[in-house]
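If you want the building blocks of each chain, they are given just below.
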Amino acid sequence: MIIDGSYGEGGGQILRTSLSLAAITGKPLQINRIRAGREKPGLAAQHLTAVRAAAAICHAQVKGDALGSMTLEFVPGNFVQAGSYTFDVSEALPGGSAGALALVLQTILLPLALADGDSEVTLRGGTHVSHSPSITYIEQVYLPMLQQMGVQAEVELKAWGWYPRGGGEVKLLIRGGSISGINLVERGDLVGVRGLAVVTELPSHIPQRMAMRAENLLREAQLKANVQPLRAKGVAPGAGLFLTAEYENTLAGFGALGRLGLAAETVASIACEEMLRFHATGAALDEHLADQLLLPAALASEKSEYQVAVVSRHLKTNAWVIEQFELAQVTVDEVEKKVAIAPVIKQTIK
Ligand SMILES: Nc1ncnc2c1ncn2[C@@H]1O[C@H](COP(=O)(O)OP(=O)(O)OP(=O)(O)O)[C@@H](O)[C@H]1O
């Protein structure tokens, strides 16, 4: 299988989806022009860790696994082995890295979820960093939605890791099994919004102010909201506000990260505005879950269909990668914003 890493979005997701699918199907993979669409193309610490993690679970032989590399050859050695693994993003870069460990987690989760046996994975790196799912999103939104598809996995946050220091840690438990399809065309009524306003190594008035502003903004919009302030220990200062909207049939997640010079109230309003924008669309899935559920849906034993808030370039690019592996037919209706996934060749899995 030869994949053009510059296709569409031209980002890291093409690499990660290809790695997951190569591990699952056992198909040798060559990927060229990796992250050609990005300012600093090639493998960064997070991507290199994902390559090493995917290789470890299926004993792959790898060429091109170096920082900045734009080509990779990945030849799986055997079927994915459930077991105990540790992957550390900071080891991929001299001086450490806050690369998003959620993206490494997503690369190996489905291969391990389809393997025989249970796995326990320790991941170290950034837990809450921009342009990636936070571990709070993984815990509150992504894994519970996967659970609706029969995937049994849970994550525990052991240490917070923010940009630029990283130093976070999570433990992931996965029970091997199969994946079922999902139908999420109707999201149902809003049950409520819950949130976490968190800081590490910063004064307690910051999470309190974030939580209060978020609750006020959401209540002004007539939404039931409960946002908990939390002051935790960490290796460095960090702050963020994370919201989960629970609807009758689905979950959606939003967040904003604090930084020096950004008022606590502003962090809260950025996350709330994102949530309210999504709520107004009436859609079942948030923009990010929309591209992230494609892969489990393609690996499921039934068809899936869902309605999304935004048909993003990430979504269309991920659909293209999945189709290259001939595992599923993905139909994206850009007018109705509906995505239909019909898995095709089951015998290539396992
Ligand atoms: N706020 C967020 N919440 C949940 N998921 C997110 C969020 N921001 C980004 N994501 C998800 O993170 C993934 C990012 O993929 P992308 O291809 O941009 O890769 P990347 O490895 O971060 O690399 P690159 O630097 O190449 O962009 C996508 O699945 C996207 O939906």
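Each value, and the rule that gives it
- Residues numbered from 1 in each chain as written.
- Predicted model: local features only at pLDDT ≥ 70, side-chain atom pairs only at ≥ 80, totals over all residues.
- Heavy atoms only, no water.
- UniProt positions renumbered as here; feature names shortened; annotations may be inferred.
- Pairing = 2+ DSSP bridges.
- Helix = DSSP H or I, 4+ residues; strand = E, 2+ residues; numbered from the N terminus.
- Axes fitted to C-alpha atoms, helices over the stretch in contact; angles between N-to-C directions.
- Contact = heavy atoms within 4.5 Å.
- Core = buried A, V, L, I, M, F, W, Y, C linked by side-chain atoms within 4.5 Å.
- Buried < 20%, exposed > 50% of the residue type's maximum accessible area, 1.4 Å probe, protein only.
- 1 Å grid on protein atoms, 1.4 Å probe; cavity = no way out; pocket = protein on both sides within 12 Å on 5 of 7 lines; lining within 4 Å.
- Points joined across faces, edges and corners; volume = space filled by probe spheres on them.
- Nonpolar A, V, L, I, M, F, W, Y, C, P; charged D, E, K, R; others polar.

- The name given to the protein in an unreviewed UniProt entry is RNA 3'-terminal phosphate cyclase, with the source organism recorded as Iningainema tapete BLCC-T55.
- The heading Sequence similarities (unreviewed entry) in the UniProt record of the protein holds the text "Belongs to the RNA 3'-terminal cyclase family. Type 1 subfamily."
- In UniProt, the protein has this text filed under Catalytic activity (unreviewed entry): "a 3'-end 3'-phospho-ribonucleotide-RNA + ATP = a 3'-end 2',3'-cyclophospho-ribonucleotide-RNA + AMP + diphosphate".

**Some thoughts on the sheet that holds strand S2 (residues 29-32)**
Strand-to-strand pairing in sheets goes through backbone hydrogen bonds, with the strands running parallel or antiparallel.
At step 1: Here we have four strands laid out as an open sheet, ordered S1-S2-S4-S3, and mixed in their pairing. The open sheet has two edge strands, strand S1 (2-4) and strand S3 (61-63), and neither has a second partner. If you compare each strand with its neighbour and ignore which way they point, the axes differ by 15 degrees on average.
At step 2: Bridge analysis of S3 against strand S4 (residues 72-75) gives three bridges, and the strand direction is antiparallel. Bridging across to S4, Lys63 finds its partner in Glu73.
At step 3: Helix-sheet contacts for helix H1 (residues 12-25) involve S1, S2 and S4, and the interaxial angle to S2 is about 170 degrees.

**What to know about the environment of Gly181**
At step 1: Relative to the elements of secondary structure, Gly181 occurs in the loop between strand S8 (168-175) and strand S9 (183-184).
At step 2: In sequence terms Gly181 and Asp286 are 105 residues apart; their C-alpha atoms lie 18 Å from each other.
At step 3: Sequence-distant contacts of Gly181, that is, excluding residues within four places in its chain, are made with Ala300, Glu302, Lys303 and Ser304.

**A few points about the nonpolar core**
At step 1: Judged by nonpolar contacts, the single largest core of 86 residues is most densely connected at Phe74 and Tyr306.
At step 2: Excluding residues within four positions of it along the chain, Tyr306 makes contact with Ile182, Leu184, Leu285, Ala290, Leu293, Leu294, Lys337, Lys338, Val339 and Ile341.

**With respect to the layout of surface pockets**
At step 1: Taken as a whole, the second largest pocket encloses approximately 190 Å³ of empty space.
At step 2: What lines the second largest pocket is simply Phe254, Glu274, Arg277, Phe278, Thr281, Asp286, Glu287, His288, Ala309 and Val310.
At step 3: Sorting the residues of the lining of the second largest pocket by element identifies helix H6 (264-281) and helix H7 (287-292) as the ones contributing at least two each.
At step 4: The element contributing the most residues to the lining of the second largest pocket is H6, with four residues.
At step 5: The residue inventory of the lining of the second largest pocket, partitioned by class, reads four nonpolar, two polar and four charged.

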